[in-house]
Amino acid sequence: MDYAVSTSSLYSRYISPCPIHLQSSWLTSTGRSCFSRTKPLPWRVTFWVTRILPLTDEIPLGLNAETSVGRLTMDLSGLDLEEVNATVAVGALEITLDPQDVVEGRLSNPVGEIKINIPDGALVELMLDTAIAGENYPDDYVKIGDALYSPGATAENARIRLRVEKPIGLVSIDGIE
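A.B. asks: Any chance you could explain the overall build of the protein here in plain terms?
C.D. replies: When you go through the protein residue by residue, the secondary structure sums to one helix and ten strands. Each helix and strand of the protein, ordered N terminal to C terminal, gives the series α-β-β-β-β-β-β-β-β-β-β. The buried share among the 177 residues of the protein stands at 35%. Within the protein, contacts between residues at least 6 apart in sequence are counted, and of these 44% link residues at least 24 apart. For the protein, the accessible area works out to roughly 10300 Å², and carbon and sulfur atoms hold 54% of it.

Encoded structure:
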């Protein structure tokens, strides 16, 4: 699923009425489905899009999600994922992992906050690529160089391996039951 707001439209919306273009596409059992709309918005309007997309746990999936500005929240509980990639250019990215998955991927948020919810018992390796970002993680997690491991996880046994790209802002790791 992709949400796209052009940079020129985003900039101009603060100085005059302008068109905002929302484009969304997703795969269905019968093929690709799309939604596209251009609508003029008055100055100082807050533009929010909430979309809940039901997915299946019956086949392994690769999940890619990107947004330019805003908040992206993903709960991966109960899904059979092989790969997950998520990017929020400016804003917040929150992801809840499933301890049963064997998954690799990348989380990117150049400016803002990344919050990763890791269930107890999940064997997770996070490779942190941070410049001036703060890091907040539980005391029982182990950091070796740029790698952060959940309790019991090692480089050899980690089932979930994510690269976390966070130049500016905060990386927050929370353990959940």
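More follows now that the structure is in view.
A.B. asks: Looking at this structure, how should I read the nonpolar core?
C.D. replies: In globular proteins that are soluble, nonpolar side chains generally tend to be buried together. Counting 30 residues, the largest nonpolar core has Met74, Leu76, Leu97, Leu107, Ile116, Ile118 and Leu126 as its most contacted members. Elements represented by at least two residues in this core include exactly β3 (61-75), β4 (81-96), β5 (103-108), β6 (111-119), β7 (124-136) and β10 (160-176). When residues in this core are grouped by element, the largest group, six residues, is from β4. Isoleucine 118 has contacts with Leu97, Val124, Leu126, Tyr141, Ile173, Asp174, Gly175 and Ile176, leaving out every residue within four places of it along the chain.

A.B. asks: What is the right way to look at a negative patch on the surface in this model?
C.D. replies: A cluster of acidic side chains, namely Asp80, Glu82, Glu83 and Glu104, defines a negative patch on the protein surface. By the element assignment, glutamate 104 lies in strand β5.

A.B. asks: Mind showing me how you'd approach the confidence of the model for the protein here?
C.D. replies: Where the model shows low pLDDT, its predicted coordinates should not be examined in detail. Here the protein averages 75 in pLDDT, and 68% of its residues register 70 or above. Least confident of the elements in the protein is helix α1 (residues 7-12), whose mean pLDDT is 28; most confident is strand β9 (residues 147-149), at 96. Contacts from residues 1-49, a stretch scored under 50 in pLDDT, to residues over four places away or in other chains number 77 contacts.

A.B. asks: Even after reading the chapter, I still don't get the side chain of aspartate 101, so can you show me in this structure?
C.D. replies: Looking at the element boundaries, aspartate 101 is found in the loop between β4 and β5. Polar side-chain contacts of aspartate 101 include one of 3.4 Å to the backbone nitrogen of leucine 81. For aspartate 101, the contacting residues outside a window of four places in its chain are Leu76, Leu79, Asp80, Leu81, Arg159 and Ile160.

A.B. asks: Just to check I follow, could you spell out the pattern of salt bridges for this structure?
C.D. replies: A pair can form between side chains of opposite charge whenever their charged atoms are brought close. Here the structure, examined in full by the defined rule, presents seven salt bridges. For arginine 106, the salt bridge identified is with glutamate 165, shortest N-O distance 3.2 Å. Taken as a pair, arginine 106 in strand β5 and glutamate 165 in strand β10 lie far apart in primary sequence, 59 residues in all. For arginine 106, a relative accessible area of 27% puts it in the partly exposed group.

A.B. asks: What is the right way to look at the environment of glutamate 113 in this model?
C.D. replies: Checked against the element boundaries, glutamate 113 lands in strand β6. The partly exposed category is assigned to glutamate 113, whose relative accessible area is 31%. Dropping the residues within four chain positions of it, glutamate 113 is found in contact with Gly91, Ala92, Leu93, Lys166, Leu170 and Ser172.

A.B. asks: Honestly, the pairing of β5 in this entry has me stumped. Any pointers?
C.D. replies: A regular strand places its side chains so that they alternate between the two faces of the sheet. Relative to β5, β4 runs parallel, the two sharing five bridges. Bridge pairing in β5 links alanine 86 to leucine 107. Sheet topology note: the β5/β10 ladder contains six bridges and is parallel. Among the inter-strand pairings, arginine 106 is bridged to a residue of β10, identified as arginine 163.

A.B. asks: What's the story with the side chain of asparagine 109 in this structure? I'm lost.
C.D. replies: Within the secondary structure layout, asparagine 109 lies in the loop between β5 and β6. For asparagine 109, the side chain forms a polar contact with the main-chain oxygen of valine 88, separated by 2.7 Å. With residues up to four places along the chain from it excluded, the contact list for asparagine 109 reads Val88, Ala89, Val90, Gly91, Ile114, Glu165, Lys166, Pro167 and Ile168.

Thresholds, definitions, all that
Residue indices begin from 1 for each chain and proceed along its sequence in written order. Selection of residues for local features in this predicted model requires a pLDDT of at least 70, selection of side-chain atom pairs for listing and counting requires 80 or more, and totals for whole chains, interfaces and linings are taken over all residues. Values shown for side chains rest on all heavy atoms present in the structure; no hydrogens or waters enter the calculation. Note on conventions: DSSP H or I runs of at least 4 residues are helices, E runs of at least 2 residues are strands, and numbering of each starts at the N terminus. Only protein chains enter the area calculation, which uses a 1.4 Å probe; residues under 20% of their type maximum are buried, those over 50% are exposed, and those in between are partly exposed. The contact definition used throughout considers only heavy atoms, calling two residues in contact when any of these lie within 4.5 Å. Only the protein chains shown count as cover for residues, and all accessible areas are computed by the Shrake-Rupley method using a 1.4 Å probe. Only buried Ala, Val, Leu, Ile, Met, Phe, Trp, Tyr and Cys residues count toward a nonpolar core, and they belong to the same one when joined by side-chain atoms within 4.5 Å. Each patch groups residues whose relative accessible area exceeds 30% and which form no salt bridge, using 9 Å between like charges and 5 Å between nonpolar side chains of Val, Leu, Ile, Met, Phe, Trp and Tyr. Salt bridge criterion: a side-chain nitrogen from Lys or Arg within 4 Å of a carboxyl oxygen from Asp or Glu. Two residue types count as positive, namely Lys and Arg, and two as negative, namely Asp and Glu; His and chain ends fall outside the count. To locate a charge, take atom NZ for lysine, CZ for arginine, CG for aspartate or CD for glutamate. Per-residue confidence from the predictor is reported as pLDDT, which spans 0 to 100. We call two N or O atoms a polar contact when they sit within 3.5 Å, provided that within protein one can donate a hydrogen and the other can accept it, with sequence-adjacent residues counted only if both atoms are side-chain atoms. DSSP-based pairing: two strands are paired if at least 2 bridges between them are found.

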